[in-house]
Amino acid sequence: MEIEDKISFSWIPFYMEFANKLLPFKENRTELVEILRIAYEKTNLMFPLGSTANDVCPFTIFGGFNKKLTSENRILLMKAIGDQIGVTAEPPENFNGVPVLNNMNAFFYYPNSSKASEFISNLWNLFEVAIHFADHPSESLTAEFIECYNKVSNQENVQWNLTMGLFWIRPFNYLNLDRVNRAFISNNFDGSFISNLKKLPPAKEYLELIRQFKLLFNQEDSLIQSFPDLSYRAWLSSSGLSNSKTSKDYEKKYWLYVPGNHSSKWDEFYSQKIMAIDWDEMGDLTQYSSKNDMKLKMKQLYGEEFSYKMWALATWQFANEIQIGDIVYVKKGYSNYLGRGIVVSDYQFDSDRNEFKHVRKINWTHKGEWESSENTTTKTLTDVTSYTEYVERLELLFMEDTPSEIFEEEKEIQYDSYSRKDFLQEVFMDEEEYDTLFNLIRIKKNIILQGAPGVGKTFAAKRLAYSIMGEKDPNRVMTVQFHQSYSYEDFILGFRPSKDGFELSPGPFYQFCKRAQDDDEQDYFFIIDEINRGNLSKIFGELLMLIENDKRGEKLRLLYSNELFSVPKNVHIIGMMNTADRSLAMIDYALRRRFAFFEMKPAFDSSQFKNRMNGLSSSKYESLVFCVKELNEVIQKDESLGVGFRIGHSYLCTDEPITNRWLKAVIDHELIPLLEEYWFDDPIKISEWEQKLHNSIRD
């Protein structure tokens, strides 16, 4: 796919004129709210501001049609509002590359906040000066823009969305820094001026970033010519339509690779510092949008008699899934290894080569012959990342015969920053509850989040870890799930079958503690889902004592080895427990006193949920929420159930457009089955609430 063939900026004229027509309403916002109310009524979309609203900011108006609605509804809403305020440009038919808000967070302020009026005025001031500054730049307007931008950037519920709003109103002048663009920029541009995109830059840094990018755009060899072009290419990348990496949540992968038939190309590829695969007749592999497309092409080229499932998987992974920094092990036969290397380039189709034209550059760190006791696949390419013990044995295999300095230090990865403020925006919890939770895990080291189904325990656990670490580093967080068969041997250390009998193998908690011990100035978080599903005393064994806060760092001899082991002080344990699971026994006292317990409740009445609900254009959704709240009151009063069985808000949280089909699916396939389990002996009550839930979403 040639990117240039797909570029379309037809949305820009409407967006810029829409901003111009909004500006005169800065001093007449009550009339503007009524205009918006009429426009929403014409489109049959729910008015997000509510019946009592008399004020709104301009960026939130833009956000109304720049969130995850269907294209049809976006166009309808744009035209309805545009007609009311005098926009003559036609709404676009194509929104590719236009950044969109999360449906659950489409406001640039909290409507119910005591400071809402002040924040809205600040947003209007920035809106006005941003337009004037873009159209007629001057020193005085620069100073005014800096002042307004910095004031707004410190307000609640703004952050990166601020750059999206500026981009909407003047797309050639302002840089969008949403998640997609930040990932694309970090992975595709070099330069000190983009070294820190972990937090929203202050105004002067933001303007300098804009200046530097404009200089890049003006270079003759620049493939990207403008901010809309940049945003479009970032969108292509995130959609899987280009070969650029798009996520900072990068996790190194490990691959087995056979260079040619019986590894016949190994010496050649080693000297050229590449890895390459065949299937040259396929052409550039980035032109295929799926593995199925590759299979169809292979059938055309090589005949219909084979499925080409494995071939298509190899070509797809080579072009799209291997990433810079991944480790590649070169194989020959079932158990012999010829080398090891680190991927240092994206996929390239080299038409000048005579054969093996699909290429990636590699820094080969090892060349020789190694034999393993394990027999494995002889496929061209195999992802073995999930086989963690096998990967560890391979690394040891190469390390034993090679000086350790050959193993390069891992490159530093800049992860997105994550703060207390980010947590409070994403998790439906107030500041006091967060502070309590934060202090509990700092003091106790071990905490269990308990609550009804769907209150967001797992979602909150990871984000609690990120907020304490200050960044979204997946390498310092590990998640496991307990079950009835889980044992000490699985969790800590135990003997497992091998080719030659049995060998002692470490479990995830042992490995995690060793990793944290080597990085003792950083916080590490071990998350245990369904913690009450396992036999906890059996799983933790002698470590039951070592996980206590005041026993951290103390050493104890492990059951299956002579090693003295300790749980590092920088390891925090977060467990999750579903209070509605009646099939499980309560946690025994010995473990209970080693954990602090924090109750998570349905958050339908939280300010965050209400604010985000207001951003959804669906009266039926609001009606269903009200019905579920009534249902929770009944569940709470039921003597056989109680507060621990209430239905959580996560059942009604989605990034998808709210449609009748989605609402009905939630009721039929999630809520009703839950009620059938709760009231298995009371079919009349189930039928009563099934009818009430369905009635809540009827016209």
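Residues numbered from 1 in each chain as written. Predicted model: local features only at pLDDT ≥ 70, side-chain atom pairs only at ≥ 80, totals over all residues. Heavy atoms only, no water.

**Side note on the overall build of the protein chain**
Line of reasoning, step 1. Within the protein chain, the regular secondary structure consists of 26 helices and 16 strands.
Line of reasoning, step 2. In terms of overall size, the protein chain behaves like a compact globule, its C-alpha atoms giving a radius of gyration of 29 Å where 699 residues would be expected to give roughly 27 Å.
Line of reasoning, step 3. Taken along its principal axes, the extent of the C-alpha atoms in the protein chain is 80 × 75 × 55 Å.
Line of reasoning, step 4. When the 699 residues of the protein chain are sorted by exposure, 53% land in the buried category.
Line of reasoning, step 5. Long-range contacts, defined here as pairs at least 24 residues apart, represent 73% of the contacts in the protein chain between residues at least 6 apart.
Line of reasoning, step 6. Counting every atom, the protein chain has about 32,600 Å² of accessible surface; 47% of that belongs to carbon and sulfur.
Line of reasoning, step 7. Where the 80 positive side-chain charges of the protein chain centre and where its 104 negative ones centre are 2 Å apart. (Helix = DSSP H or I, 4+ residues; strand = E, 2+ residues; numbered from the N terminus. Rg over C-alpha atoms; globule rule 2.2 N^0.38 Å. Buried < 20%, exposed > 50% of the residue type's maximum accessible area, 1.4 Å probe, protein only. Contact = heavy atoms within 4.5 Å. Areas by Shrake-Rupley, 256 points an atom, 1.4 Å probe, with all protein chains shown as cover. Lys, Arg positive; Asp, Glu negative; His and termini not counted. Charge placed at Lys NZ, Arg CZ, Asp CG, Glu CD.)

**Considerations on a nonpolar patch on the surface**
Line of reasoning, step 1. Taken together, Phe-495, Phe-502 and Leu-504 make up a surface patch of nonpolar side chains, about 330 Å² in accessible area.
Line of reasoning, step 2. Within the secondary structure, Leu-504 is located in strand 11 (residues 501–506).
Line of reasoning, step 3. Of the residues examined, Leu-504 reaches a relative accessible area of 35% and is grouped as partly exposed. (Patch = residues over 30% accessible without salt bridge, like charges linked within 9 Å, V, L, I, M, F, W, Y side chains within 5 Å. Salt bridge = Lys/Arg side-chain N within 4 Å of Asp/Glu carboxyl O.)

**What about the pattern of salt bridges?**
Line of reasoning, step 1. As enumerated under the stated definition, the model contains 28 salt bridges in all.
Line of reasoning, step 2. One salt bridge in this structure joins Glu-34 and Arg-37, with 3.2 Å as the shortest N-O distance. One end of the pair is Glu-34 and the other is Arg-37, both in helix 2 (residues 29–43) and 3 residues apart, which spans about a single turn.
Line of reasoning, step 3. The class of Glu-34 is partly exposed, set by a relative accessible area of 39%.
Line of reasoning, step 4. With relative accessibility at 16%, the residue Arg-37 sits in the buried group.
Line of reasoning, step 5. Residues joined in a network through salt bridges with shared partners are Lys-265, Glu-268, Arg-353 and Glu-355.

**Quick word on the pairing of strand 4 (residues 336–343)**
Each regular strand carries side chains that alternate between the two faces of the sheet.
Line of reasoning, step 1. Of all 8 residues in strand 4, 7 are buried; the element is thus mostly enclosed.
Line of reasoning, step 2. With 6 bridges connecting them, strand 3 (residues 327–332) and strand 4 associate as antiparallel partners. Bridge assignment links Ile-327 to a residue of strand 4, and that residue is Ile-342.
Line of reasoning, step 3. Count of turn residues in the strand 3/strand 4 antiparallel hairpin: 3 residues, of which Gly-333 carries a positive phi of about 70°.
Line of reasoning, step 4. The pairing of strand 4 with strand 6 (residues 358–371) spans 7 bridges and is classified as antiparallel. Paired with Val-343 across the two strands is Ile-362, which belongs to strand 6. (Pairing = 2+ DSSP bridges.)

**Looking at the confidence of the model for the protein chain**
Line of reasoning, step 1. In this model, the protein chain carries an average pLDDT of 85, and 91% of its residues clear a pLDDT of 70 or more.
Line of reasoning, step 2. Within the protein chain, strand 2 (residues 274–277) carries the highest mean pLDDT (96), whereas helix 22 (residues 589–592) carries the lowest (69).
Line of reasoning, step 3. Every residue in residues 1–7 scores below 50 in pLDDT, and together they form 13 contacts with partners more than four places removed in sequence or on other chains.
Line of reasoning, step 4. Note on residues 240–249: pLDDT under 50 across the span, and 33 contacts to partners over four residues away in sequence or across chains. (pLDDT = per-residue confidence, 0-100.)

**Describing the pairing of strand 6**
Line of reasoning, step 1. For strand 2 and strand 6, the ladder comprises 4 bridges, and the chain directions are antiparallel. Along strand 6, the bridge assignment pairs Met-275 with Arg-360.
Line of reasoning, step 2. In terms of strand pairing, strand 5 (residues 348–349) meets strand 6 through 2 bridges, oriented antiparallel. The residue bridging Gln-348 from the neighbouring strand is Val-359, located in strand 6.

**Considerations on the packing of aromatic side chains**
Line of reasoning, step 1. In total, this model carries 53 aromatic pairs according to the counting rule given.
Line of reasoning, step 2. An angle of 45° between the planes, with centres 6.3 Å apart, marks the rings of Tyr-302 and Tyr-308 as tilted.
Line of reasoning, step 3. With a centroid separation of 5.5 Å and an interplanar angle of 90°, the aromatic rings of Phe-428 and Phe-609 are classed as edge-to-face. Of this pair, Phe-428 sits in the loop between helix 15 (420–426) and helix 16 (431–444) while Phe-609 sits in helix 23 (residues 607–614), placing them 181 residues apart in sequence. (Phe/Tyr/Trp six-rings, centres within 6.5 Å; stacked < 30°, edge-to-face > 60°.)

**Side note on the environment of Tyr-302**
Line of reasoning, step 1. Along the chain, the position of Tyr-302 falls in helix 12 (residues 291–302).
Line of reasoning, step 2. Note: C-alpha distance between Tyr-302 and Glu-281 (21 residues apart in sequence) is 9.5 Å.

**Notes on the side chain of Thr-43**
Line of reasoning, step 1. Position of Thr-43 among the secondary structure elements: in helix 2.
Line of reasoning, step 2. Assessed through its relative accessible area of 11%, Thr-43 is described here as buried.

**A closer look at the domain arrangement of the protein chain**
Line of reasoning, step 1. Examined at the domain level, the protein chain breaks down into domain 1 (10–239), domain 2 (254–398), domain 3 (420–599) and domain 4 (607–696).
Line of reasoning, step 2. Of note, the centres of domain 3 and domain 4, computed from C-alpha atoms alone, are 31 Å apart.
Line of reasoning, step 3. Each partner contributes to the interface: domain 3 provides 16 residues, whereas domain 4 provides 19 residues.
Line of reasoning, step 4. Here domain 3 meets domain 4 over a buried area of about 1,300 Å², counting both sides, of which 52% is carbon and sulfur.
Line of reasoning, step 5. At the junction of domain 3 with domain 4, the criterion picks out 0 salt bridges.
Line of reasoning, step 6. Counting the contacts that link domain 3 with domain 4 gives 9 residue pairs in polar contact (both at pLDDT 80 or more). (Domains from an automatic or database assignment. Buried area = accessible area lost by both parts, 1.4 Å probe. Polar contact = N/O pair within 3.5 Å; in protein donor to acceptor, adjacent residues only side chain to side chain.)

**Side note on unusual backbone geometry**
Line of reasoning, step 1. Unusually for a residue other than glycine, Gln-159 sits at a positive phi of about 45°.
Line of reasoning, step 2. Along the chain, Gln-159 falls in the loop between helix 6 (139–153) and helix 7 (161–169).

**Some thoughts on the nonpolar core**
Line of reasoning, step 1. One finds Phe-145 and Leu-166 to be the most contacted residues of the largest nonpolar core, which totals 85 residues.
Line of reasoning, step 2. Leave out the neighbours within four places in its chain, and Leu-166 touches Phe-59, Leu-126, Ala-130, Phe-145, Tyr-149, Tyr-174 and Tyr-206.
Line of reasoning, step 3. Core analysis: the second largest hydrophobic core is formed by 34 residues, Phe-604, Leu-652, Leu-671 and Leu-674 among them. (Core = buried A, V, L, I, M, F, W, Y, C linked by side-chain atoms within 4.5 Å.)

**Concerning the packing of helix 24 (residues 619–637) against helix 26 (residues 683–695)**
Line of reasoning, step 1. For the pair helix 24 and helix 26, the least separation of the axes is 9 Å and the interaxial angle reads 155°. Here helix 26 runs roughly antiparallel to helix 24, going by the angle between their axes. Facing helix 24, whose interface residues are Leu-624, Cys-627, Val-628, Glu-630, Leu-631 and Val-634, helix 26 presents Trp-689, Lys-692 and Leu-693.
Line of reasoning, step 2. Class assignment of the residues belonging to the contact of helix 24 with helix 26 gives a composition of 7 nonpolar, no polar and 2 charged. (Axes fitted to C-alpha atoms, helices over the stretch in contact; angles between N-to-C directions. Parallel < 35°, antiparallel > 145°, perpendicular 65-115°, else oblique. Nonpolar A, V, L, I, M, F, W, Y, C, P; charged D, E, K, R; others polar.)

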